Amino acid sequence: VRWMMYWIVFALFMATETITDLLISWFSFYYEIKMAFVIWLLSPYTGGATLLYRKFVHPTLSRKEKEIDAHIVQAREHGYEMMVRFSKRAFNMAATAAVQAATKSQDTLAGRLRSFSMQDLRSIPDEA
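Scope of this entry: the structure provided in the associated data block. (Residues numbered from 1 in each chain as written. Predicted model: local features only at pLDDT ≥ 70, side-chain atom pairs only at ≥ 80, totals over all residues. Heavy atoms only, no water.)

1. Thoughts on the packing of aromatic side chains
Reasoning step 1: Counted by the stated rule, this structure contains 9 aromatic pairs.
Reasoning step 2: A centroid spacing of 5.6 Å and a plane angle of 20° characterise the contact between tyrosine 6 and phenylalanine 10, whose relative ring orientation is stacked. Of this pair, tyrosine 6 and phenylalanine 10 both sit in helix H1 (residues 2-24), 4 residues apart, which is roughly one turn of the helix.
Reasoning step 3: The interplanar angle of 75° and the centroid separation of 5.1 Å between the aromatic rings of tyrosine 30 and tyrosine 31 together place this pair among those described as edge-to-face. (Phe/Tyr/Trp six-rings, centres within 6.5 Å; stacked < 30°, edge-to-face > 60°. Helix = DSSP H or I, 4+ residues; strand = E, 2+ residues; numbered from the N terminus.)

2. Quick look at the packing of H1 against helix H2 (residues 30-42)
Reasoning step 1: In the contact formed by H1 and H2, the axes pass within 10 Å of each other and the chain directions differ by 170°. When the interaxial angle is binned, H1 and H2 end up roughly antiparallel. Residue-level inspection shows Trp3, Tyr6, Val9, Phe10, Phe13, Glu17, Thr20, Asp21 and Ile24 of H1 in contact with H2, the latter providing Tyr30, Tyr31, Lys34, Phe37, Val38, Leu41 and Leu42.
Reasoning step 2: Counted by class, the contact of H1 with H2 contains 12 nonpolar, 1 polar and 3 charged residues. (Axes fitted to C-alpha atoms, helices over the stretch in contact; angles between N-to-C directions. Parallel < 35°, antiparallel > 145°, perpendicular 65-115°, else oblique. Contact = heavy atoms within 4.5 Å. Nonpolar A, V, L, I, M, F, W, Y, C, P; charged D, E, K, R; others polar.)

3. Some points on the pattern of salt bridges
Opposite charge on two side chains permits them to pair, given that their charged atoms come into close proximity.
Reasoning step 1: One pass over the full model with this rule turns up 2 salt bridges.
Reasoning step 2: In this structure, lysine 34 and glutamate 17 form a salt bridge, with 2.4 Å as the shortest nitrogen-oxygen distance. In this pair, lysine 34 sits in helix H2 while glutamate 17 sits in helix H1, placing the two residues 17 residues apart along the sequence.
Reasoning step 3: Under the relative-accessibility criterion, lysine 34 is labelled buried at 15%.
Reasoning step 4: Between aspartate 21 and lysine 34 there is a salt bridge, and its shortest N-O distance comes to 3.3 Å. (Salt bridge = Lys/Arg side-chain N within 4 Å of Asp/Glu carboxyl O. Buried < 20%, exposed > 50% of the residue type's maximum accessible area, 1.4 Å probe, protein only.)

4. Quick notes on the environment of tryptophan 40
Reasoning step 1: Summarising the element assignment, tryptophan 40 is placed in helix H2.
Reasoning step 2: Excluding anything up to four places from it in sequence, tryptophan 40 contacts Thr46, Gly48, Leu51 and Leu52.

Keep in mind these values describe shape, not function.
So, in structure tokens, the structure goes:
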């Protein structure tokens, strides 16, 4: 459980870090403070990740649990609908490509057969 709390807090830290790096990375000792914060999160003696998780993350997740569940259900339904729609489009594109390939090869075959016209056959000497 401790590692789960650490990784959740660390993931939130990494998400906010992308914004804060752009805005406040010019402060003196910014990177040193950031490294000390990560060590504080990781250290079992300070319990930083556990403290942040229990004080901020868990209460927020508990408060918004119904909204999160609704979004998960909506994403599942949307994902299924999109998969069906894209599958239909992919099958239609594959069928169109197959028909076009068959038509093109049929034209090529007809062109080759036309090259063997009766005139070409008359130019071959009879052996009899």
